[in-house]
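Structural overview
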Amino acid sequence: TDTLVEGDILLLLSDGVTNDGVGWVEEMLQGYDARQTALEQFADDLAHAARERQRKQGEREDDITVIALRVEKRK
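These numbers were taken from a predicted model, which means no experiment stands behind them. (Residues numbered from 1 in each chain as written. Predicted model: local features only at pLDDT ≥ 70, side-chain atom pairs only at ≥ 80, totals over all residues. Heavy atoms only, no water.)

**Topic: the packing of helix H1 (residues 23-30) against helix H2 (residues 39-56)**
- At their nearest, the axes of H1 and H2 sit 11 Å apart, and the two run at 150 degrees to each other. On the basis of their axis angle, the class for H1 and H2 is roughly antiparallel. Between H1 and H2 lies a crossing whose hand is right-handed. Residues Trp24, Val25, Met28 and Leu29 of H1 pack against Phe42, Asp45, Leu46, Ala49, Ala50 and Arg53 of H2. (Axes fitted to C-alpha atoms, helices over the stretch in contact; angles between N-to-C directions. Helix = DSSP H or I, 4+ residues; strand = E, 2+ residues; numbered from the N terminus. Parallel < 35°, antiparallel > 145°, perpendicular 65-115°, else oblique. Left-handed = near helix turned anticlockwise from the far one by under 90°. Contact = heavy atoms within 4.5 Å.)

Now the structure itself:
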């Protein structure tokens, strides 16, 4: 159990994204800068990177779904 606070990002990932572990996903998230890249683009980039990792490892293609949400204070 954890508490999300304003500015936190919640990622929902299908198992096709994490077939190769979650370390690389954590690294991408740590490198994410909202001032340079929209969250939607980050989710697309993450999905693309997961597909490329599957191809490089010669794995059969699995479904890849990435949903990214940012917690914001309601105005």
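Don't stop here, the text continues.
**Comments concerning the nonpolar core**
- Grouped together as the largest cluster of nonpolar side chains are 14 residues, with contacts concentrated most on Leu11, Val17, Trp24, Val25, Phe42 and Leu46.
- When residues of this core are traced back to their parent elements, those giving at least two are H1, H2 and strand E2 (66-70).
- If one sorts the elements of this core by residue count, H2 sits on top with six residues.
- Discounting residues that sit within four places of it in the chain, valine 25 has contacts with Leu11, Leu13, Val17 and Leu46. (Core = buried A, V, L, I, M, F, W, Y, C linked by side-chain atoms within 4.5 Å. Buried < 20%, exposed > 50% of the residue type's maximum accessible area, 1.4 Å probe, protein only.)

**Overview of H2**
- With 18 residues, H2 extends 26 Å from end C-alpha to end C-alpha; this agrees with the ideal 26 Å at 1.5 Å per step.
- Within the sequence span of H2, burial applies to Leu39, Phe42, Ala43, Leu46, Ala49, Ala50, Arg51 and Gln54.
- Packed against the buried residues of H2 are strand E1 (9-13), H1 and E2.
- Looking at the residues trailing H2, positive phi occurs at glycine 58, about 70 degrees. (Expected span 1.5 Å × (residues − 1).)

**A look at empty space enclosed by the protein**
- Taken as a whole and judged by the stated rule, the model has one cavity of 30 Å³ or more.
- Estimates place the volume of the largest cavity at around 40 Å³.
- If you go around the largest cavity, the residues you meet are Gly16, Val17, Asn19, Asp20, Ala50, Arg53, Gln54, Gln57 and Glu59. (1 Å grid on protein atoms, 1.4 Å probe; cavity = no way out; pocket = protein on both sides within 12 Å on 5 of 7 lines; lining within 4 Å. Points joined across faces, edges and corners; volume = space filled by probe spheres on them.)

**Side note on the confidence of the model for the protein**
- Put simply, the protein has an average pLDDT of 93, and 100% of its residues get 70 or more.
- Here H2 stands out as the least confident element of the protein, with mean pLDDT 95; E2 is the most confident, with 97. (pLDDT = per-residue confidence, 0-100.)

**A look at the side chain of glutamine 54**
- Positionally, glutamine 54 belongs in helix H2.
- At 3.1 Å, the side chain of glutamine 54 and the backbone oxygen of glycine 16 are in polar contact.
- Excluding residues within four positions of it along the chain, glutamine 54 makes contact with Gly16, Asn19, Glu59, Arg60, Glu61, Asp62 and Ile64. (Polar contact = N/O pair within 3.5 Å; in protein donor to acceptor, adjacent residues only side chain to side chain.)

**A few points about the pattern of salt bridges**
- Scanning the entire structure with this criterion turns up six salt bridges.
- The salt bridge involving aspartate 20 is made with arginine 53; its shortest N-O contact spans 2.5 Å. Pair noted here: aspartate 20 is in the loop between E1 and H1 and arginine 53 is in helix H2, with a separation of 33 residues, a long-range link.
- The exposure class of aspartate 20 is partly exposed, given its relative accessible area of 32%.
- By relative accessible area, which is 28% here, arginine 53 ends up partly exposed.
- Where glutamate 61 meets arginine 55, a salt bridge forms, and the shortest distance between an N and an O atom there is 3.5 Å.
- Judged by its relative accessible area of 48%, glutamate 61 falls in the partly exposed class.
- For arginine 55, a relative accessible area of 48% puts it in the partly exposed group.
- If you follow the salt bridges from partner to partner, you end up with Arg51, Glu52, Arg55 and Glu61 in one network. (Salt bridge = Lys/Arg side-chain N within 4 Å of Asp/Glu carboxyl O.)

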